[in-house]
Amino acid sequence: MTAATYQYVDLPDASVVTTRALLTARENISDTVAARAMMCIHGGAGFGKTLAVNICLRGLEPHEDVRKITFRARPTARAVRYELFTALDLAGEPPRHPSEFDRLLKTALAERPRTFLVDEAQWLNGEAFEYFRYLWDEPSTQLAIIFVGGEGCHTVLRREPMLSSRIFIWQHFTRLTPSEVLEAIPLFHPVWVDADPDDITFADQHAAHGNFRAWAQLTAHTRTALARTGRPRVDQELLRWAFSRLA
């Protein structure tokens, strides 16, 4: 993946690193889509969940019809209906009555297999999750659903036995371990290719903490520092300047 598609900051020359978590997600998503099932990918902010899922789902296109829905606030079932109406590119005006709306969505979802990526799913409450389950349970629909969100997503799903019992695969994204940092970060950006491993560890311990989003931000500031100072490679003095921008 190039800078044009990197999701955290405008970071030229950044690359997607095939971490163990991404490889596991690729396998899990492929199995979930093949089974027309539901899965939940959850974990802390900045751990690479959404990026990994987007990469994996892109690999399934164009043969798989993938639709993405993102929530930024706690939606009602009515709001979920409208988001699905938009995501499916349905013509005309949305129906006013819930039963009519449900029939329309079920008819559309029965046309062909589809995969929904439901991002920021930590915003969903039991009612919203239940509505996705309601559509998925309909015999005529051919849905695979990938819920991606923070720990709140996992908590709500686990609290609802009717929902959690239908989750085919659970995957928990965590921080990069210190050894994973040393493997992944030199592959992530050229800034780190020639860096001393001790300096990469220093940066992780003091600023990035195994968080890919934090590493992206730190890399952007480090890249600026190298350009301004003319230094050929990263060192701890330069890193301390970058840390000061993250405090």
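Residues numbered from 1 in each chain as written. Predicted model: local features only at pLDDT ≥ 70, side-chain atom pairs only at ≥ 80, totals over all residues. Heavy atoms only, no water.

Under an unreviewed UniProt entry, the chain has the name ATP-binding protein and belongs to Streptomyces akebiae.

## What about helix H3 (residues 77-87)?
Taken together, the buried positions of H3 are occupied by Ala-77, Val-80, Arg-81, Leu-84, Phe-85 and Ala-87. The buried residues of H3 occupy an angular sector of 165 degrees when projected down its axis, which confines them to one face. Exposed side chains of H3 directed beyond 90 degrees from the buried face belong to Arg-78 and Thr-86. Asp-89 sits one or two residues past H3 and shows a positive phi near 55 degrees. (Buried < 20%, exposed > 50% of the residue type's maximum accessible area, 1.4 Å probe, protein only. Helix = DSSP H or I, 4+ residues; strand = E, 2+ residues; numbered from the N terminus. Arc of directions from axis to C-beta.)

## What about the packing of aromatic side chains?
Throughout the structure, instances matching the rule amount to 8 aromatic pairs. Taken together, a centroid distance of 5.2 Å and an interplanar angle of 80 degrees make the contact between Tyr-82 and Phe-101 edge-to-face. Taken together, the positions of Tyr-82 in helix H3 and Phe-101 in helix H4 (residues 98-109) put the pair 19 residues apart, joining distant regions of the chain. For Tyr-82, a relative accessible area of 30% translates into the label partly exposed. When the centroid spacing of 5.0 Å and the interplanar angle of 75 degrees are considered together, the rings of Phe-129 and Phe-147 count as edge-to-face. Taken together, the residues Phe-129 in helix H5 (residues 126-137) and Phe-147 in strand E4 (residues 143-149) connect sequence positions 18 residues apart. Using a relative accessible area of 1% as the deciding quantity, one classes Phe-129 as buried. Among the aromatic residues, those joined into a cluster by ring pairs are Tyr-82, Phe-85 and Phe-101. The ring of Trp-170 has Arg-158 sitting right over it, with the charged end atom 3.9 Å from the ring centre. (Phe/Tyr/Trp six-rings, centres within 6.5 Å; stacked < 30°, edge-to-face > 60°. Lys NZ or Arg CZ within 6 Å of the ring centre and 35° of its normal.)

## Describing the packing of helix H10 (residues 212-229) against helix H11 (residues 236-246)
Packing of H10 against H11 leaves a shortest axis separation of 9 Å and a crossing angle of 130 degrees. Taken together, the axes of H10 and H11 lie oblique to each other. Of the two possible hands of crossing, H10 and H11 adopt the one that is right-handed. Contacts between H10 and H11 involve Gln-217, Leu-218, His-221, Thr-222, Thr-224, Ala-225, Leu-226, Arg-228 and Thr-229 from the former and Leu-238, Leu-239, Trp-241, Ala-242, Phe-243, Arg-245 and Leu-246 from the latter. Per-class residue counts for the contact of H10 with H11 are 9 nonpolar, 5 polar and 2 charged. (Axes fitted to C-alpha atoms, helices over the stretch in contact; angles between N-to-C directions. Parallel < 35°, antiparallel > 145°, perpendicular 65-115°, else oblique. Left-handed = near helix turned anticlockwise from the far one by under 90°. Contact = heavy atoms within 4.5 Å. Nonpolar A, V, L, I, M, F, W, Y, C, P; charged D, E, K, R; others polar.)

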